[in-house]
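These are the residues of each chain, in order.
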Amino acid sequence: MELTEKSTRTKVLQLFLAYIKSMLFAFTGGSMTLPLLQRELDDNYHLMDKEKVLEYFAVGQSLPGAISLNTGILVGRAVAGWPGAIAVAAGVILPAFFGMLLVVFSY
């Protein structure tokens, strides 16, 4: 293993952090997080280049369901396999879940 190559565990953690940070501010929808995710995945963590992220966003928009979840699963699986897809799915779902939990408990 080279020093520059990251382990799967590191990639999974970086994917989770990138998606949870971007989805915390996704009040306008998952497609508005594209610039944040491009910067996180390419510039900060060097997991995937910007053009590849854009390709996955185009495919994710054509699938039925939530755009951010579809795209996240595609990106996570491409970067770190199924553990990456599960980590990204958790990063997409958890901020909305805890936000709704906060609303329910405050109501």
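These numbers were taken from a predicted model, which means no experiment stands behind them.

*Asks:* In this structure, what is going on with the pattern of salt bridges? I would like to understand it.
*Replies:* Oppositely charged side chains can pair when the atoms bearing their charge come close. A full pass over the atoms with the stated rule returns 3 salt bridges. The partner of D43 in a salt bridge is K50, with the nearest N and O atoms 3.6 Å apart. Of the residues examined, D43 reaches a relative accessible area of 38% and is grouped as partly exposed. Taking the shortest distance from any N to any O, the salt bridge between K52 and E55 comes out at 3.8 Å. Of this pair, K52 and E55 both sit in helix α3 (residues 50-62), 3 residues apart, which is roughly one turn of that helix. A relative accessible area of 35% places K52 in the partly exposed class.

*Asks:* Would you explain the nonpolar core in this entry?
*Replies:* Across soluble globular proteins, nonpolar side chains show a tendency to be buried alongside one another. Formed by 21 residues in total, the largest nonpolar core has its most connected members in L15, L41, V75 and V79. For this core, the secondary-structure elements that each account for two or more residues are α1 (8-23), α2 (34-44), α3 and α4 (67-106). The leading source of residues in this core is α4, at 6 residues.

*Asks:* Help me out: how do you make sense of the packing of α2 against α3 in this one?
*Replies:* The relative placement of two packed helices is expressed as an angle between their axes plus a distance between the axes. Packing of α2 against α3 brings their axes to within 9 Å, and their N-to-C directions diverge by 140 degrees. When the interaxial angle is binned, α2 and α3 end up oblique. Judged by the twist between their axes, the crossing of α2 over α3 is right-handed. Here L34, L37, Q38, L41, D42 and D43 of α2 lie close against α3, whose contacting residues are K50, V53, L54 and F57. For the contact of α2 with α3, a count of residues per class yields 6 nonpolar, 1 polar and 3 charged.

The rules behind these values
Residues numbered from 1 in each chain as written. Predicted model: local features only at pLDDT ≥ 70, side-chain atom pairs only at ≥ 80, totals over all residues. Heavy atoms only, no water. Salt bridge = Lys/Arg side-chain N within 4 Å of Asp/Glu carboxyl O. Buried < 20%, exposed > 50% of the residue type's maximum accessible area, 1.4 Å probe, protein only. Helix = DSSP H or I, 4+ residues; strand = E, 2+ residues; numbered from the N terminus. Core = buried A, V, L, I, M, F, W, Y, C linked by side-chain atoms within 4.5 Å. Axes fitted to C-alpha atoms, helices over the stretch in contact; angles between N-to-C directions. Parallel < 35°, antiparallel > 145°, perpendicular 65-115°, else oblique. Left-handed = near helix turned anticlockwise from the far one by under 90°. Contact = heavy atoms within 4.5 Å. Nonpolar A, V, L, I, M, F, W, Y, C, P; charged D, E, K, R; others polar.

On their own, these measurements won't tell you what the molecule is for.
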